[in-house]
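# Chain and residue survey
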Amino acid sequence: MKDHSLRLTQSRGDVISVFLDKNVAVSHGDIESEIDGKYDRVTIYRTLKSFIDKGLIHRVLDDSGATRYALCHDNCSEDSHKHNHIHFKCQKCDETTCIEHVDIPEVNLPNGFQAIESNYLVSGICKKCN
């Protein structure tokens, strides 16, 4: 938290613990379930937003349309997120995992288009379920 200029509060500590315990991408609802009603939806949302803004976590979009969140492992900061990796969603356990060592292929956009963010989701069976 200190490395990302965030003060450690009880709610921030509880939310970050969910990420550390799960080690997969989690949704807002997953966090609510894990902390068992200890904080309201708005507190969790604000905590997630501050984590994103400071480069502690990143958004992961999956095929359900739900937004999930995962810990940043690259040198992310308030100024830039560096997530050029794919995400893998298991069709059996429904977990979404960052695959850090596999980069998103470069996409050559037509003139006048500028990429801001890329998301690449691979669906299949994870090694835990295989």
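Structure: above.
Residues numbered from 1 in each chain as written. Predicted model: local features only at pLDDT ≥ 70, side-chain atom pairs only at ≥ 80, totals over all residues. Heavy atoms only, no water.

It is worth spelling out the sheet that holds strand β4 (residues 85-90) at this point. Pairing in this open sheet of three strands is mixed, and the strands run β5-β4-β6 from one edge to the other. Across the chains shown, the open sheet's two edge strands, defined by having one partner strand only, are β5 (96-103) and β6 (121-124). Sheet twist, expressed as the mean angle between neighbouring strand axes with direction ignored, is 30°. Here four bridges tie β4 to β6, and the two strands are oriented parallel to one another. Looking across to β6, one finds that His 87 is bridged to Leu 121. (Pairing = 2+ DSSP bridges. Helix = DSSP H or I, 4+ residues; strand = E, 2+ residues; numbered from the N terminus. Axes fitted to C-alpha atoms, helices over the stretch in contact; angles between N-to-C directions.)

Before going further, it helps to examine the sheet that holds strand β2 (residues 57-61). Strand order across the open sheet formed by three strands is β1-β3-β2, with antiparallel pairing between neighbours. Here the strands that pair on one side only, and so sit at the sheet edges, are β1 (26-27) and β2. Here β1 pairs with strand β3 (residues 67-71) via two bridges, running antiparallel. Looking at β3, one finds that Val 26 is bridged to Tyr 69. Most of the contacts of helix α1 (residues 10-22) go to β3, to which it runs at about 80°, and overall it touches β1, β2 and β3. (Contact = heavy atoms within 4.5 Å.)

A word on the pairing of β3. The buried fraction of β3 amounts to four of the five residues, a majority that puts the element mostly inside the structure. In this structure, β2 lies alongside β3, joined through five bridges in antiparallel fashion. From the neighbouring strand, Ile 57 faces β3, where its bridge partner is Leu 71. (Buried < 20%, exposed > 50% of the residue type's maximum accessible area, 1.4 Å probe, protein only.)

A contiguous nonpolar patch, built from Val 107, Leu 109 and Phe 113 and spanning about 320 Å² of accessible area, is present on the exposed surface. Position of Val 107 among the secondary structure elements: in the loop between β5 and β6. (Patch = residues over 30% accessible without salt bridge, like charges linked within 9 Å, V, L, I, M, F, W, Y side chains within 5 Å. Areas by Shrake-Rupley, 256 points an atom, 1.4 Å probe, with all protein chains shown as cover. Salt bridge = Lys/Arg side-chain N within 4 Å of Asp/Glu carboxyl O.)

For helix α3 (residues 41-53), spanning 13 residues, the distance from its first C-alpha to its last is 18 Å, which sits close to the expected 18 Å at 1.5 Å a residue. Those residues of α3 that sit buried are Ile 44, Thr 47, Leu 48, Ser 50, Phe 51 and Ile 52. Against the buried residues of α3 lie α1, α2 (28-35), β2 and β3. Between a side-chain oxygen at the N-terminus of α3 and the backbone nitrogen of Val 42 the separation is 3.2 Å; the capping residue is Asp 40. Gly 55, located one to two residues past α3, shows a positive phi value of around 80°. (Expected span 1.5 Å × (residues − 1). Polar contact = N/O pair within 3.5 Å; in protein donor to acceptor, adjacent residues only side chain to side chain.)

Moving on, we come to the packing of α2 against α3. Their axes nearest at 11 Å, the elements α2 and α3 cross at an angle of 120°. Classified by the angle their axes make, α2 and α3 are oblique. Considering how the two elements wind past one another, α2 and α3 form a crossing that is right-handed. Together, His 28, Ile 31, Glu 32 and Ile 35 of α2 and Arg 41, Ile 44, Tyr 45 and Leu 48 of α3 make up the contact between the two elements. Of the residues that constitute the contact of α2 with α3, the class distribution is five nonpolar, one polar and two charged. (Parallel < 35°, antiparallel > 145°, perpendicular 65-115°, else oblique. Left-handed = near helix turned anticlockwise from the far one by under 90°. Nonpolar A, V, L, I, M, F, W, Y, C, P; charged D, E, K, R; others polar.)

Quick look at the pattern of salt bridges now. Scanning all chains against the criterion turns up nine salt bridges. Across the pair Glu 32 and Arg 41 runs a salt bridge whose closest N-O atoms are separated by 2.7 Å. Since its relative accessible area comes to 52%, Arg 41 is described here as exposed. With a closest N to O distance of 2.8 Å, Lys 89 and Asp 63 form a salt bridge. Taken together, the residues Lys 89 in strand β4 and Asp 63 in the loop between β2 and β3 connect sequence positions 26 residues apart. Look at Lys 89 and you get buried, because its relative accessible area is 6%.

By themselves, these are just geometric observations and shouldn't be taken as functional.
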